Structures are given as C-alpha cells and as structure tokens.
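A look at the structure
Below are the chains, spelled out letter by letter.
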Amino acid sequence: MEFKDHVCELLNTIDACQVFFDITVNFDLTKNYLDLVVTYTTLMTILSRIEERKAIIGLYNYAHEMTHGASDREYPRLGQMIVDYENPLKKLMEEFVPHGKSLSDALISLQMVYPRRNLSADQWRNAQLLSLISAPSTMLNPAQSDTMPCEYLSLDAMEKWIVFGFILCHAVLNSDAAALSLWKLALQSSTCLCLFRDEVFHIHKAAEDLFVNIRGYNKRINDIRECKEQALSHAGSMHRERRKFLRSALKELATVLADQPGLLGPKALFVFMALSFARDEIIWLLRHADNIQKKSTDDFIDKHIAELIFYMEELRAHVRKYGPVMQRYYVQYLSGFDAVVLNELVQNLSVCPEDESIIMSSFVNTMTSLSVKQVEDGEVFDFRGMRLDWFRLQAYTSVSKASLGIADHKELGKMMNTIIFHTKMVDSLVEMLVETSDLSIFCSFYSRAFEKMFQQCLELPSQSRHSICFPLLCTHFMSCTHELCPEERHHIGDRSLSLCNMFLDEMAKQARNLITDICTEQCTLSDQLLPKHCAKTISQAVNKKSKKATGKKGEPEREKPGVESMRKNRLLVTNLDKLHTALSELCFSINYVPNLAVWEHTFTPREYLTSHLEIRFTKSIVGMTMYNQATQEIAKPSELLTSVRAYMTVLQSIENYVTIDITRVFNNVLLQQTQHLDSHGEPTITSLYTNWYLETLLRQVSNGHIAYFPAMKAFVNLPTENELTFNAEEYSDISEMRSLSELLGPYGMKFLSESLMWHISSQVAELKKLVVENMEVLTQMRTSFDKPEHMAALFKKLTSVDSVLKRMTIIGVILSFRSLAQEALRDVLSCHIPFLVSSVEDFKDHIPRETDMKVAMNVYELSSAAGLPCEIDPALVVALSSQKSENISPEEEYKIACLLMVFVAVSLPTLASNVMSQYSPAIEGHCNNIHCLAKAINQIAAALFTIHKGSIEDRLKEFLALASSSLLKIGQETDKMTTRNRESVYLLLDMIVQESPFLTMDLLESCFPYVLLRNAYHAVYKQSISAKRVDAH
C-alpha cells in the first residue's frame, strides 16, 4: 500500500511539473521513470496471480489483531485494493489516463533507439556490427555515439516499457504513427515478456482481452492478431539467426582483444554492446523455449548456445583482467577531452542559474583533477556522487519552468551521458558487467533448461570445448539476490555450489570416459605386440619356406601390428582419431581456468579430472588382472605390465592437453596398489596376485601337479591325469617374476614375502607339534648317531616321518618361490636405482662378524627389501618369532628347534623309496620337489637358531652328521624298493652344503665320502641318458 501511494504521488508530481522525457537526452530520468511504471504494473499483475491473496491478508489482519489488540488501520484500503485489482491492467489503464502525456512522450523517445536495436541478423551483418577489423584504419578511434547508454540498454527492458506502457496509455496508438510503429514492432518480436524471474506475461492474449471491450479498437485487435502470427512464424527464426551472428561476432571480438587488450580502451562500448545483445538473445530463448506456443520447436532448441555463453564469459574475463588498462585510458579521456568539451559547453550556455552552474563546475573540476598516477598507485575511484549530481541536474532541468531547460540544450545532455559512461569505465566495471551480461536467471528459475543445455553441450563434440561456461555461469547466481530478501541468499548460494560441482564432475567424468576408451584402444594395440601373437607369423614363415600348405585357402591373412597407422586418405578418420579430437576439445574446457570462485568457495576444474583419473586408473589396473575367483584365472604379470604401461603412456599424454601433474596420479595409484588394500578398502593387484600365487600355484605344487625346476628357475606343470587350467611356467619364469616385481614394487613384494612367511610359520608350528610327540625318541637319537643298530630301533618308534618331510618340502617350495621373487626384485631395482642397490649390497657384504645380531638383522632387513639374498632371512625370523609360546620356556623352545633338525636329518633316507625322488639332470632337481629341502633346512635352521640365540653353524654341523650317518646306512640296504633312488637322495647332502653359507665341502667330506657323491652324480646322469633312449625308441 505504501509503495502504491508513493508511486501515485510521484506520478502526479511529475505530471504537475510537466517533466520533459527523452531517453537520448535525460537518459537516467527517462529510464528510471519507465522502470517505475513497469515495476508498478508488474507488481500489481503478480499480486493478482496469487490465488489465496484474500485469505493471506485476512490471516495477516487476524494476526495483527491478536498481537496488537486491534485491526491494522490500513486493512480496509488493502482489501479494497485487492478487489479493485482483480483485473490489474484494466484498473491500471483507468489509473494512467491522467499520466498518458508524460508516459507517451517517454515511450515515443524510444523511436530513435528501439528500432535500431531490433534489427535482423542480415542487417547487423551488412553493417558489420561489433567488428573491430572491418575498418582497420579506425581501429584505434574511440567508439562514439550520441546515445552511449542506449547502445547497451536491455532489449528486454525496452520491450517491457513499450508493451506495458502503450497498454496503459493506449489512446496514443490511435493518434501517433510512431507510437503504433513501436508497439507493433515489439509485438512482432516476442510472444511473452518476463514479469519476474520465470513468471511470464503473454502479451498478445492479454492485450487482445483488454482491447476487445473498448469501442473502436477493432483495428488494434487486428493489429495484435497479425503481430501474433508474425511473432509465431518469424520471431523464432529471426532470433536464431541473431544468435548465429553473435557467436561469430563475439568470437572475433574476443580473439582480437585477447591479442590486443589495449583496444579495450577505445572499443569498450563494443564489448558491453556485445554482452548486452548476447544476454538479451539467451534470455529470450530461455523464456520462449519454456513457453512455446507453436508446434515446431526447432527454433527454440539451440545446441550451440554454450558457444555464445562461452564467448560472453571470455569477454567478461578480458574486462576483469585488463580493468587497469581501461582505467588508464578513460582517466586520460575524462581529464584531457571530456572536461575540456564540457567546460566549453557550460561557457557557451546563454542562461545558467547559480545552482546548476555550481554542479557543472564541480563536474569539470572532478574530471580535470584526474591523473594516470592515481591508477598506477592503485587508488580506488568513486564517481557515484558525480552521477547522482547529474541525475539531480536532469530533474532540475527537465521541468517545464526550469531556467535552464535540457530540452533546449540537448547537446549538453548527450555529452553528459557520454561522460557518465566514461566514469563507469573507471570505477564501475563489475557493475557494468552485471548490468549487461548477468545470467543469474538460470539459477533456480530455469535450472532444468540449464542442465539440459549442459548435457547437449557435452553430447556434441564440437561444443564440449565450451562446457566450462556452465560452471562459470554459477558465479553469476549471487547477483540475483536482493538485500530486501536475505533469506534467499543461502538457498541460491547452495544451489550455485551444487550446480557448479555437478557440472565440473560431469565434465571430468566425460573426459575420464574418453581417456578410458583411448586407453582401451591402446591396450589392444599393445596386446598385438605380445610375443604370444608372433607364433602364428613364425609358423607361416617356416611353412612358406618349406613350401607346406597351411590353413584354409579362404582364410584371410592376419594384419600385422602397425597397419592402423598407415593412412591412404586424409579424410579417413578412425575411432581413435575421434576420441582424441573429443578429448582435446573437452580438455580445453577443463584447462580454461585454473580455478573459479562461487559464493566464497573455490573450485579447481583440474582437480576433478585428477581425482576421477585416480579412481578410474585404480579400477582399471585391478580390472586388467582379469582375476576370476571361481575359476582362479588371472592375467600374466607381463601382460598386465604391458597393459599398465600402455595405460600410463596415454595418461602421460594428457599433460599435453591439461596442466595437471600426472606423476602425482601415478604415485597415488601405483603406491596404493603395492598395499594389501587401497584407500577405499578395495583389494589391490598386490593382494590378488599374492592370493593367486599362494592359493593356486603353490597349492598345486603341494598337490604334486607342479614342480620347481632350478635349471629353468621356474615352476613347471607335471604330466597328470587332470590337466591344470594354467601353465605354471608362464606365471613363474624370470620374465614374469620381473614383471610382477615391476607391478608390485618393493612394498608389494614385501607383502608377498610376509604372506609366504605366514604360511611357512604355520607349517613350522605343525612341525613343532610333531617334534613334541616324538621328543623322547629324538632326544635319544640325537646322541646315538654313531650306533647304527640302536638308531634303526629308535627310527622305527618315530611317527609322522612322511608328514615332517612333506611339510619341510612345502616350506622349501615356498622359499624357492620367494628366492625367485627376490631375485626378480633385485634385477628390477638394479635397473631403476643401480647406485642405491650397489650401496645396500656393499653395506650388507661388509658387516663385521662381531656386529650385534640386532644391528645385523636391520641390515639384512634393508637388504631383503632390495631383493638381496641374506644368510639369515629377516622376514622368516619375524614370522617365526611371533610363534613363541608363553607356556614353554626358552630352553624348551631351543630344544624343540634342535630336535626338529634331528627329525629332518634322520627322516631323509625314507625319500629313497619314493618313485618320484629320482633326480633329473635336465631340471637339476627332483620331480617331487625334495631338492627344495636344501633351502628349507638352511633357512629354517638359520632363523630358528637366530631367534633362540644358538650357534647356527654348530647346529647345522650336527644336522650334517646325523643326515650323513642316516644316508650312509641305506648304502648297506639290500632291499631294492627302499633304495631305488638312493643316489638321488645322496645328492641332497651336496645341495644342502651348496645352499648353506655356514657349511663347507670339507665338512661334508669328513662326514660323507665325496666319492659316493661323485658316483651318485654319475649314476643319475647315466640313468637319465638311458631313460631318454627308451623314450626315443
């Protein structure tokens, strides 16, 4: 009510003063007058659309009565106003009859501005609008106009002024041709106008409904219908062509200004005109696409809208970045030109009252005092007072009885309008950007259309480079808040944050998907170069040489790797080409800004891509292992390494598109893959391969399906009834173990070792239980090795002899696998960090004998981590140390360890009766893996007696004495079944000594005649040759 009263009072005062209105002269006064009329009309229209308005004011009055004990004294008037304005425009038409003259004069002054702004794209193109390079000779000349502020005035605002203004003072449409021309042009341009945010006003229907009840307005009604048809049939295509023109014009403008930012000074007007034109077209499309009144919607779907918004953002960025350049230019312009011209105009005035003269003089003095030094010193300019004084002066000089009438001195008005524009270029650049290019309407009011535009932008590869404009638009949203409605601030702020986050996340996902597709293609190409694929090519070459016919005649010849790079035609575009093009376009967008600030939050687009790449790289590495828990299948380490390297090569190339640290991605992902679980708690390649080698490969070794071949340094499948689903050699040879070491790294290999040691410790725990069961017998045997008959009697009392040997063999197999892994790790590290490895090796080799065992173990741990073999395995020591029982004394533990070695020593002769114990010179081992006992005996003894602080050397001497005594005994046996592989078992003693850093051949010679070993080697080699001859026959 108060607002209505103040508006009515002001309008009456303006009429009484007979104020002169001309948008080209007293711009601020005329603009604010028309804004007031439209705001008042809009408010009353929106009020009439509130369905429960009567109930709301009734509740308000009731609440007021309950609170204050009496009704609001303005309630009757408010209620009457609600009733009167049921049909707001009809009531306003009656209300504005006395204001018709002032309003029509203000509107008719638009005839010099609105038609010039509302031109077709072809007319813009012919005039080379917004082009800086169309006339190179005038490029440095300042962009001038008699109507500076009108050039970037919102077209949407002018149309609202014209449509609502002429509805309120409709009589002038019958008497003034200029008014009718403006009215019809506005009706032909749009079908609806914005009342407030997403609330629209359908102009043709509303105008027709109003005029139909006025006598003699049939002609106007026909005009409205004709304009409606024109708008429906042509407005969409006209605006589409305008947007098309503006895309190219803004691109040219942004490109030239990026190269020559100094042109922002003289051509600032062009920039704000371009921003205003583009903003008007985008808002028009948004409003009409949401309120389509025709069947064909093609004109209202613009898949290239992102490009227009992008160039707007680019121009805004130029203005913000080079603001000081513009300040320097216009400070000099104001002081060196505008002040002089204005002073001359003031001097030439025939009449100039004292008040006006003081204001004019202050303008000249303010401008004259400006200097470039103020810009260089970073001084903050503020011309708001000067602009307010000019507004007051417009009011003083526009009334009919003014001594100095601005109507008679239009040149002064136009000059001051130009000066006001120049002052805004110095102190109000940000406000100018908001005025001419604010698109905050997208926020909560057209968010669905906003998100749809973004999706269309991403789907179209040629537009994806402009997708960054959508997150950038989120920085506009806070400008649609108002200090009179502070509760909206948080909602709009949160909405801008969520939209910005969503857009950047989607862009990063799209880029990630493109990178993943490229990686997949590159992995496929790398896979073609794997050695396994060359077998067929070699076979064909061999058969061709021997002139043998191979395969079917119709079988196509396999393409060789690299054929995809041979281009016969430049127009031929492969899938990989399309992916790279799409990626480069999208990465341009992600890399466009280093960060952007939205509602006191800073977003970094590149970080979104980095985090998505990390997640996808992690999933891809694990996925490329192709681990199948049901079938226990897994990719070979070498093949996985090839794929990972191909993947990493593609990721490294991303640095060519986006300024991101891809090394950080590699470090984060690959280091996590060396742990048991990644940062999300998911299994890594370390855990997958560790589980596979332990649960699949080594379990099959224990089951007798696979043997360790020392000669080949690999595990090899044995011929069995049930063929295994995998070839062990393809997963355990030197190249595969090196690949595994490359993938898992020292941390991963350490985890693998710890897992292996855990299995060994569980086997040792079981062995200790067997020793405890046979402790009494073993104690006697330990001291009776020189009494053969007594030893034989005691041996028969032993239980679980086979179990002891089997468990020791399993331990030996695990240790053999570990030695392969350690050797591979050493080879890999020697390539990557040769100087560091050599230093560690030198450190290990020169530990003084008198060094404390704790210090020595620290050195061994360092050496073991580098893959170097150690006399005492630190990982095994740690694993076995954790087994110490609280109920058993250290002396008892030590005794059990000694008796364990005794148990193994006296059990060795039983191996001779096993058919599988035959030594094979070709593999330098036994098919039942008993050659692994050598490694097991040495390392278990070293670990156990390090833990119990015993003499490793003495205990191994004792073991050697017992073992040689027991084995010599089988030389006297006559039973061929029990001695069938006696020579093969003899060789174990040699292997144990060769493997041990604590035993020597001289010591073995003193216990076991070397001639027996020599004869044993001769026998097994002879047996091997005869077996080959039998197989040949």
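These remarks concern the structure in this document. (Residues numbered from 1 in each chain as written. Predicted model: local features only at pLDDT ≥ 70, side-chain atom pairs only at ≥ 80, totals over all residues. Heavy atoms only, no water.)

**Some remarks on the overall build of the protein chain**
- For the protein chain, the helix and strand inventory stands at 45 helices and eight strands.
- What you see for the protein chain is a C-alpha radius of gyration of 46 Å, clearly larger than the 31 Å of a compact globule of 1033 residues, by over 25%.
- Reported as C-alpha extents along the three principal axes, the dimensions of the protein chain are approximately 145 × 85 × 60 Å.
- Per-residue burial for the protein chain yields a buried fraction of 50% across its 1033 residues.
- By sequence separation, contacts in the protein chain at least 24 residues apart represent 77% of the contacts at least 6 residues apart.
- On the protein chain, roughly 49400 Å² of surface is accessible, and the fraction owed to carbon and sulfur atoms is 53%. (Helix = DSSP H or I, 4+ residues; strand = E, 2+ residues; numbered from the N terminus. Rg over C-alpha atoms; globule rule 2.2 N^0.38 Å. Buried < 20%, exposed > 50% of the residue type's maximum accessible area, 1.4 Å probe, protein only. Contact = heavy atoms within 4.5 Å. Areas by Shrake-Rupley, 256 points an atom, 1.4 Å probe, with all protein chains shown as cover.)

**A word on helix α1 (residues 2–17)**
- Taking 1.5 Å per residue, 16 residues should reach 22 Å; α1 reaches 23 Å between its end C-alpha atoms and fits that length.
- Where α1 is concerned, the buried positions are K4, V7, L11 and I14. Down the axis of α1, the smallest arc covering the buried residues is 95°, so these residues share one side. Residues of α1 that are exposed and angled more than 90 degrees away from the buried face: E2, H6, E9 and A16. (Expected span 1.5 Å × (residues − 1). Arc of directions from axis to C-beta.)

**Some points on the pattern of salt bridges**
- One pass over the structure, following the stated rule, counts 50 salt bridges.
- With a shortest N-O distance of 2.9 Å, D5 and R77 are connected by a salt bridge. Of this pair, D5 sits in helix α1 while R77 sits in helix α4 (residues 75–84), and the two are 72 residues apart along the sequence.
- The salt bridge involving R465 is made with E585; its shortest N-O contact spans 3.1 Å. Residue R465 is located in the loop between α23 (447–459) and α24 (469–473), and its partner E585 is located in helix α27 (residues 575–590); the two are separated by 120 residues in the primary sequence. (Salt bridge = Lys/Arg side-chain N within 4 Å of Asp/Glu carboxyl O.)

**Section: the nonpolar core**
- Counting 265 residues, the largest nonpolar core has L250, F272, F617, L697, L698 and F715 as the members making the most contacts within it.
- When sequence neighbours within four positions are dropped, the list of residues in contact with F272 reads Y152, V319, M326, F421, M425, L429, M432, L433 and T436.
- Membership of the second largest hydrophobic core comes to 63 residues, among which are Y85, F96, L103 and A207. (Core = buried A, V, L, I, M, F, W, Y, C linked by side-chain atoms within 4.5 Å.)

**Concerning the side chain of R387**
- As for its position among the elements, R387 is in helix α20 (residues 384–398).
- Classification of R387 as buried rests on a relative accessible area of 15%.
- Non-local contacts of R387, meaning those with residues more than four positions away in its chain, are made with I420, T423, K424, D427 and S428.

**Observations concerning the pairing of strand β6 (residues 714–717)**
- Sheet analysis places strand β5 (residues 706–709) next to β6, joined by four bridges and oriented antiparallel. By the bridge assignment for β6, F709 is matched with A714. (Pairing = 2+ DSSP bridges.)

**Things to note about the pairing of β5**
- Alternating positions in β5 separate into two faces, I706 and Y708 on one and A707 and F709 on the other, with burial throughout.
- Counting the residues that bridge the hairpin from β5 to β6 gives four residues, and of these K713 lies at a positive phi of roughly 50°.

**Considerations on the packing of aromatic side chains**
- Evaluation of the coordinates by the stated rule reveals 38 aromatic pairs.
- On the numbers, 6.2 Å between centres and 10° between planes, the contact of F381 with F383 is stacked. For the pair F381 and F383, a shared accessibility class is recorded, and that class is buried.
- By the ring-pair criterion, three or more aromatic residues cluster together here, those being Y689, W692, Y693, Y708, F715, F726, Y731 and F817.
- Positioned above the aromatic ring of F270 is the side chain of K267, whose terminal nitrogen or guanidinium carbon lies 5.4 Å from the ring centre.
- If you follow R465 out to its NZ or CZ, it ends over the ring of F588, 3.9 Å from the centre. (Phe/Tyr/Trp six-rings, centres within 6.5 Å; stacked < 30°, edge-to-face > 60°. Lys NZ or Arg CZ within 6 Å of the ring centre and 35° of its normal.)

**Notes on unusual backbone geometry**
- Look at W599: it is not a glycine, yet its phi comes out positive at around 50°.
- Along the chain, W599 falls in the loop between β3 (596–598) and β4 (601–603).
- According to the relative accessible area criterion, W599 is buried, its value standing at 16%.

**Side note on the environment of P710**
- By the element assignment, P710 lies in the loop between β5 and β6.
- C-alpha separation for the pair P710 and N218, spaced 492 residues apart in sequence, amounts to 108 Å.
- Once residues within four sequence positions are removed from consideration, P710 is found in contact with I923, E924, G925 and H931.

**Details of helix α18 (residues 354–368)**
- The terminal C-alpha atoms of α18 lie 21 Å apart, and with 15 residues this matches the ideal 21 Å at 1.5 Å per residue to within 8%.
- Those residues of α18 lying buried are E356, I359, M360, F363, V364 and M367. Buried residues of α18, seen end-on, are gathered within an arc of 135° and therefore sit on one face of the element. Along α18, the residues that are exposed and aim more than 90 degrees away from the buried face are E354, D355, I358 and N365.
- On the buried face of α18, the contacting elements are α17 (323–347), α20 and α21 (410–427).

**Section: the packing of helix α40 (residues 890–907) against helix α42 (residues 952–970)**
- Running from N to C, α40 and α42 cross one another at 30°; their axes reach a closest spacing of 8 Å. In terms of axis orientation, α40 runs roughly parallel to α42. Here α40 and α42 pass one another in a crossing that is right-handed. For the pair α40 and α42, the contacting residues are Y894, C898, M901, V902, V904, A905 and V906 in the first and R955, L956, F959, L962, A963 and S966 in the second. (Axes fitted to C-alpha atoms, helices over the stretch in contact; angles between N-to-C directions. Parallel < 35°, antiparallel > 145°, perpendicular 65-115°, else oblique. Left-handed = near helix turned anticlockwise from the far one by under 90°.)

**Here we look at the environment of C587**
- By the secondary structure assignment, C587 is in helix α27.
- Linking C587 and S735, residues 148 residues apart in sequence, is a C-alpha distance of 38 Å.
- Ignoring sequence-local partners within four residues, the contact set of C587 consists of Y657 and V658.

**Regarding the state of the cysteines**
- Counting across every chain of the model gives zero disulfides.
- No disulfide involves C8; its sulfur sits 16 Å from that of C169, the nearest cysteine.
- With no disulfide of its own, C927 lies 12 Å from the sulfur of C932, the closest cysteine sulfur.
- Taking relative accessible area as the criterion, C927 reaches 26% and is therefore assigned partly exposed. (Disulfide = S-S within 2.5 Å.)

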